[in-house]
Amino acid sequence: MAAAAAATAAATATTAAAAAGAAPDYEAAELYTRSFRVGALGRCWMQHLGPPDLSLAAEAAADEDAALVAELGCELEMVPELQEVCSIGMLMSSDKEEDPDVIPEDNSLLTLRIRKEALERREETIIVDRACRQETLAYEMESHASGKRPDSPADLVEEGELLLTLNIFYPVIFQKHKDYKPYQTVLVLGSQKLTELRDSISCVSDFQIGGEFSSQPDQAPEHISKDLYKSAFFYFEGIFYNDKRYPECRDLSRTIIEWSESHDRGYVNLQSDDMENYTFNDLSLKIGFPYLFCHQGDCEHIVIITDIRLIHYDDCLDRNLYPLLIKKHWLCTRKCFVCKMYTARWVTNNDSLAPEDPCFFCDVCFQMLHYDLEGNKLGEFLAYPYVDPGIFN
């Protein structure tokens, strides 16, 4: 997290120190920065940067040519040739190029010899030759929105807008990934409300269906947990920001605040407020510090702000696309125990017809194994609807 925050740590620390009248820190030695007001950081940048630095218009071709001449010390007449030779199109493979998996025998390149050995070793071993989608498409989502502009000028992001990068981690019930695996990386604008981030977070617990339905599997309710339990909060720097937009929402932070005040537990001045009244520019934050998002009563996600910067003309400039999901972790789906093909939709306990407890089934195999043609239950078991975490892939 410290590496991701290094680009902005010096600026944030300098701003905080200047506000306090202390000597500025030009390098953050800790894992996270000092607390600072996000909106004040943006105003500080705008005071020190000029209109060319804040402009979201693409650079003019003449300015690019002049900059290239000044940087390389070449003649202006050579610029078109250099741009053609060094263009991205020159990196594309031609139609006549040979298969890259076929390595010629008479080669002197060490990289080709190593690649040939790797290909031969792959053929000898009986393994599934499958590239990890998570690594192959790691930056594909971000590239799709890069430089995208809205159809309507009213939806264009304003110059000088702040862009925050947030890592949202798996809930703590995922023991395998809870310490180091962010399952979503999201870009949000400083002017966006906390409720917009709250609505953009996808979690498998929001899609759960409560209840046991072995007697009437076809009558499982359509309402999911997200429709029934809408309460949630963010915790930033001693303040709980509760989602109170709906009448059925409860203040989930009240129990925590009362618990902290009942004894001297070291937590002082904990406060609560409504998240719909606050934007990210209104918050005081630390880059690299773990904060909390809680929903469904006890589903807790660590949220870490890894970067804060000004928006650039190469970024997505369509306000309607923010919060913008740029990365997500890929999970293997749990397959049906019987057919091994389809994603599990049911989980059974104390199942006299299953070799495992719990056991997972797709819809078709679950019905064929546990019910007769008239829909009567066969054997003894408990059945619950199952939502696979891999649905977000």
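The structure displayed is predicted, hence computed values, not measured ones.

1. Observations concerning a nonpolar patch on the surface
Here's step 1: On the surface, Val338, Leu353, Leu369 and Leu378 cluster together into a nonpolar patch covering about 280 Å² of accessible area.
Here's step 2: Position of Leu353 among the secondary structure elements: in the loop between β11 (346-349) and β12 (359-361).
Here's step 3: The partly exposed category is assigned to Leu353, whose relative accessible area is 36%.

2. Digging into the sheet that holds β11
Here's step 1: The strand order β12-β11-β13 describes an open sheet built from three strands, whose pairing is antiparallel. Lying at the two open borders of the sheet, with one neighbouring strand each, are β12 and β13 (382-385). Between one strand and the next, the sheet's axes are offset by a mean angle of 30°, whatever the strand orientation.
Here's step 2: Of the pairings in the sheet, the one linking β11 to β12 comprises three bridges and is antiparallel in character. Residue pairing for β12: Thr348 is matched across the bridge by Cys359.

3. A short note on the confidence of the model for the chain
Here's step 1: This prediction gives the chain a mean pLDDT of 78; 81% of its residues lie at or above 70.
Here's step 2: Least confident of the elements in the chain is helix α1 (residues 2-20), whose mean pLDDT is 43; most confident is strand β5 (residues 239-242), at 92.
Here's step 3: A low-confidence stretch, residues 1-24 (pLDDT under 50), is modelled with 39 contacts involving residues beyond four sequence positions or located in other chains.

4. Structural notes on the nonpolar core
Here's step 1: The biggest cluster of nonpolar side chains holds 34 residues, and the ones touching the most others in it are Leu197, Phe234, Phe236 and Ile308.
Here's step 2: Among the secondary structure elements, those contributing two or more residues to this core are α2 (38-48), β2 (162-169), β3 (182-189), α9 (194-200), β4 (232-236), β8 (290-295) and β9 (299-310).
Here's step 3: Ranked by residues supplied to this core, first place goes to β9 with five residues.
Here's step 4: Setting aside anything within four residues of it in sequence, one finds Phe234 in contact with Leu194, Leu197, Arg198, Ile201, Ile239, Phe240, Tyr241, Met275, Leu292 and Phe293.
Here's step 5: Of all hydrophobic cores here, the second largest spans 13 residues; its members include Ala145, Leu187, Leu317 and Leu324.

Calculation criteria
Residues numbered from 1 in each chain as written. Predicted model: local features only at pLDDT ≥ 70, side-chain atom pairs only at ≥ 80, totals over all residues. Heavy atoms only, no water. Patch = residues over 30% accessible without salt bridge, like charges linked within 9 Å, V, L, I, M, F, W, Y side chains within 5 Å. Areas by Shrake-Rupley, 256 points an atom, 1.4 Å probe, with all protein chains shown as cover. Salt bridge = Lys/Arg side-chain N within 4 Å of Asp/Glu carboxyl O. Helix = DSSP H or I, 4+ residues; strand = E, 2+ residues; numbered from the N terminus. Buried < 20%, exposed > 50% of the residue type's maximum accessible area, 1.4 Å probe, protein only. Pairing = 2+ DSSP bridges. Axes fitted to C-alpha atoms, helices over the stretch in contact; angles between N-to-C directions. pLDDT = per-residue confidence, 0-100. Contact = heavy atoms within 4.5 Å. Core = buried A, V, L, I, M, F, W, Y, C linked by side-chain atoms within 4.5 Å.

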